[in-house]
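Analysis of the macromolecular model
Below, each chain spelled out in residue letters.
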Amino acid sequence: MAFHALAVQCMLMKPPDECITIDEVRQAIDELDRTIIATLGQRFGYVKAVTRFKKTAEDVRAPARFQQVLETRRNWAEEAGLSPDLIERVYRELIAYFIHEEMKFMGIKHS
């Protein structure tokens, strides 16, 4: 299913407090998870695209950008009522994976 179709499907879901069975809740969670994963796949496309503008391993690691991303995601987590610490851990893992993939994509040895 295309990302756009998944996003539309999620917008049409019942709000959590209107679900009347556990199956409705689980189905909604599954739909959201599928959309999250599709979005991560779409994000990966942009990760690969950004390699056109990077030349070195330091460009890929971009420590200042890395810190900026973590701070912003922590703020977004707070706004969403989520644990900033959890979201930071998730993004640290995600970014580490994408850095590894960027290095591979660019043919740079990852140390």
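Residues numbered from 1 in each chain as written. Predicted model: local features only at pLDDT ≥ 70, side-chain atom pairs only at ≥ 80, totals over all residues. Heavy atoms only, no water.

Below, the discussion takes up the packing of aromatic side chains. All chains considered together, the criterion is met by three aromatic pairs. Ring plane angle 55 degrees and centroid distance 5.5 Å describe the contact between Tyr-97 and Phe-98, whose orientation is recorded as tilted. With a relative accessible area of 44%, Tyr-97 lands in the partly exposed category. (Phe/Tyr/Trp six-rings, centres within 6.5 Å; stacked < 30°, edge-to-face > 60°. Buried < 20%, exposed > 50% of the residue type's maximum accessible area, 1.4 Å probe, protein only.)

In this section: the pattern of salt bridges. For the structure on display, the rule yields six salt bridges. The closest approach of N and O atoms between Arg-74 and Glu-88, which form a salt bridge, is 2.8 Å. Of this pair, Arg-74 sits in helix H4 (residues 63-79) while Glu-88 sits in helix H5 (residues 84-106), and the two are 14 residues apart along the sequence. Given the relative accessible area of 25%, Arg-74 is considered partly exposed. (Salt bridge = Lys/Arg side-chain N within 4 Å of Asp/Glu carboxyl O. Helix = DSSP H or I, 4+ residues; strand = E, 2+ residues; numbered from the N terminus.)

As a further point, take unusual backbone geometry. For Ala-62, which is not glycine, the phi torsion reads 35 degrees and is therefore positive. Along the chain, Ala-62 falls in the loop between helix H3 (57-61) and H4. Owing to a relative accessible area of 22%, Ala-62 belongs among the partly exposed residues under this scheme.

Before going further, it helps to spend a moment on the environment of Ala-77. Tracing the backbone through its elements, the reader meets Ala-77 in helix H4. Considering only alpha carbons, one finds Ala-77 and Ile-87, 10 residues apart in sequence, at a separation of 6.5 Å. For Ala-77, the contacting residues outside a window of four places in its chain are Leu-82, Ser-83, Pro-84 and Ile-87. (Contact = heavy atoms within 4.5 Å.)

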